[in-house]
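So you can see what is in the structure, the chains are spelled out below.
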Amino acid sequence: MPWNELGTAFLDHASDAQTLNDQWSVTDPAGWQQRLDQLLAGQFVPADTEQALRARAAADPEREKEGADEAPELPELVARYEERFRADGLLPADGRVVSLLALDLVHAVNLVRWGLGARLCAPPQAEQAVQRVGARAGEVYGSWAEFAAGYLLGRMLAFDHGWFGPQYAEAAHLHRVLTQDPSSPWQVLPFA
């Protein structure tokens, strides 16, 4: 999939419309806009996990040491993934995932591509939507690496379920390419 352009169709108009219907139950411009807004708001990531990650990221380190105002408890599976991410070099030794929103934001960009291809939005509207996605990413993450870790954890919670199987191997490989390859857009483009 091209990362840097919004073509008039991803596959073809009928296929893009079918994808939107099959994956997102979107059949018209109003439904497309509703799904886009839901994705920008992070309504498809696990709410309890997202709340716990955000609370932990916002916690004052000194207060955290004292045990005051502790963040909601993270699911054990999140801790297992973060530990594995650190062991595999996908997070720094002291790194933590700050949010799962990246998963919904990636889905939002794909929704925009398919919406444009299905003629549910015009090119200027699609461009503005992608800019909104970028702005939203910048509100939550400070770098491509943080964004990548959020996407990776969100994807693993949705599809790998703690198995560390083929889904994990593929996602870890893509993470490394995007964060380490000198020609990757994540290496040559400023974040958000």
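Everything below is about the structure printed above this text.
A quick note: this is a predicted structure, and the numbers were derived from the prediction, not measured.

Each value, and the rule that gives it
- Residues numbered from 1 in each chain as written.
- Predicted model: local features only at pLDDT ≥ 70, side-chain atom pairs only at ≥ 80, totals over all residues.
- Heavy atoms only, no water.
- Axes fitted to C-alpha atoms, helices over the stretch in contact; angles between N-to-C directions.
- Helix = DSSP H or I, 4+ residues; strand = E, 2+ residues; numbered from the N terminus.
- Parallel < 35°, antiparallel > 145°, perpendicular 65-115°, else oblique.
- Contact = heavy atoms within 4.5 Å.
- Nonpolar A, V, L, I, M, F, W, Y, C, P; charged D, E, K, R; others polar.
- Expected span 1.5 Å × (residues − 1).
- Buried < 20%, exposed > 50% of the residue type's maximum accessible area, 1.4 Å probe, protein only.
- Lys, Arg positive; Asp, Glu negative; His and termini not counted.
- Salt bridge = Lys/Arg side-chain N within 4 Å of Asp/Glu carboxyl O.
- Polar contact = N/O pair within 3.5 Å; in protein donor to acceptor, adjacent residues only side chain to side chain.
- Core = buried A, V, L, I, M, F, W, Y, C linked by side-chain atoms within 4.5 Å.
- Phe/Tyr/Trp six-rings, centres within 6.5 Å; stacked < 30°, edge-to-face > 60°.
- Arc of directions from axis to C-beta.

*Asks:* Can you help me understand the packing of helix 6 (residues 101-117) against helix 7 (residues 123-140) in this one?
*Replies:* Packed helix pairs are characterised by how far apart their axes lie and by the angle those axes make with each other. Helix 7 packs onto helix 6 with a crossing angle of 175° between their chain directions and a minimal axis gap of 10 Å. Comparing the axis directions of helix 6 and helix 7 gives the class roughly antiparallel. Where helix 6 abuts helix 7, its residues Leu101, Leu105, Ala108, Val109, Val112 and Leu116 lie against Pro123, Ala126, Ala129, Val130, Val133, Arg136, Ala137 and Val140. In terms of residue class, the contact of helix 6 with helix 7 is built from 13 nonpolar, no polar and one charged.

*Asks:* In this structure, what is going on with the environment of Phe44? I would like to understand it.
*Replies:* Structurally, Phe44 is set in the loop between helix 2 (29-40) and helix 3 (47-58). On a C-alpha basis, the gap between Phe44 and Asp104 in space is 6.6 Å, while along the polypeptide they are 60 residues apart. Those residues in contact with Phe44, other than ones at most four positions away along the chain, are Trp24, Arg35, Gln38, Leu39 and Asp104.

*Asks:* What is the right way to look at helix 5 (residues 76-87) in this model?
*Replies:* Helical geometry note: an α-helix holds 3.6 residues per turn, so side chains three or four residues apart project in the same direction. Between its first and last C-alpha, helix 5 extends 17 Å over 12 residues, near the 16 Å set by a 1.5 Å rise per residue. Lining the buried residues of helix 5 we find helix 3, helix 8 (144-159) and helix 9 (166-180). Taken from the residues just after helix 5, Gly89 is the one with a positive phi, measuring 75°.

*Asks:* Before we go on, may I ask you to explain the side chain of Asp104 in this structure?
*Replies:* Mapped onto the elements of the fold, Asp104 is located in helix 6. Although Asp104 is buried, it makes no salt bridge; Arg136 carries the closest opposite charge, 8.9 Å away. Polar contacts involving the side chain of Asp104 include one to the main-chain amide nitrogen of Gln43, which spans 3.4 Å. Excluding its chain neighbours within four sequence positions, the residues that come into contact with Asp104 are Gln38, Leu39, Gly42, Gln43, Phe44 and Val45.

*Asks:* Explain the pattern of salt bridges here, please?
*Replies:* Charged atoms that come close allow side chains of opposite charge to pair. Taken as a whole and assessed by the stated rule, the structure comprises five salt bridges. The salt bridge partner of Glu82 is Arg56, with a shortest N-O separation of 2.5 Å. Of this pair, Glu82 sits in helix 5 while Arg56 sits in helix 3; the two residues are 26 residues apart in sequence, bridging distant segments of the chain. Glu82 sits in the buried class, given a relative accessible area of 4%.

*Asks:* It is not clear to me how the nonpolar core should be interpreted in this structure. Could you clarify?
*Replies:* In this structure, Leu20, Trp32, Leu36, Leu105, Leu111, Tyr141 and Phe147 are the most contacted members of the largest nonpolar core, which totals 29 residues. Setting aside residues up to four positions removed in sequence, Trp32 forms contacts with Val26, Leu111, Val112, Gly115, Leu120, Cys121, Gln125 and Ala129. Counting residues in hydrophobic clusters, the runner-up holds 20 residues, among them Leu74, Tyr81, Leu91 and Leu157.

*Asks:* Please clarify how the packing of aromatic side chains should be interpreted in this entry.
*Replies:* Pairs of aromatic rings are described using the distance from one ring centre to the other and the angle between the two planes. A complete count under the given rule lists 11 aromatic pairs for this structure. Chaining the aromatic ring pairs together yields one cluster made of Tyr141, Trp144, Phe147, Trp186 and Phe191.

*Asks:* Explain the side chain of Ser184 to me, please; I cannot follow it from the model alone.
*Replies:* Mapped onto the elements of the fold, Ser184 is located in the loop between helix 9 and helix 10 (185-188). Given the relative accessible area of 4%, Ser184 is considered buried. Beyond its immediate chain neighbours, meaning those up to four positions away, Ser184 contacts Val177 and Leu178.

*Asks:* Could you clarify how one ought to interpret helix 3 in this entry?
*Replies:* Over its 12 residues, helix 3 extends 16 Å from the first C-alpha to the last, a length consistent with the 16 Å expected when each residue adds 1.5 Å. Within helix 3, burial applies to Thr49, Glu50, Ala52, Leu53 and Arg56. The arc that holds the buried residues of helix 3, viewed along the axis, is 165°, so those residues lie on one side. Within helix 3, the exposed residues directed more than 90 degrees away from the buried face are Ala47, Asp48, Gln51 and Ala58.

This is a description of form; function is not addressed.
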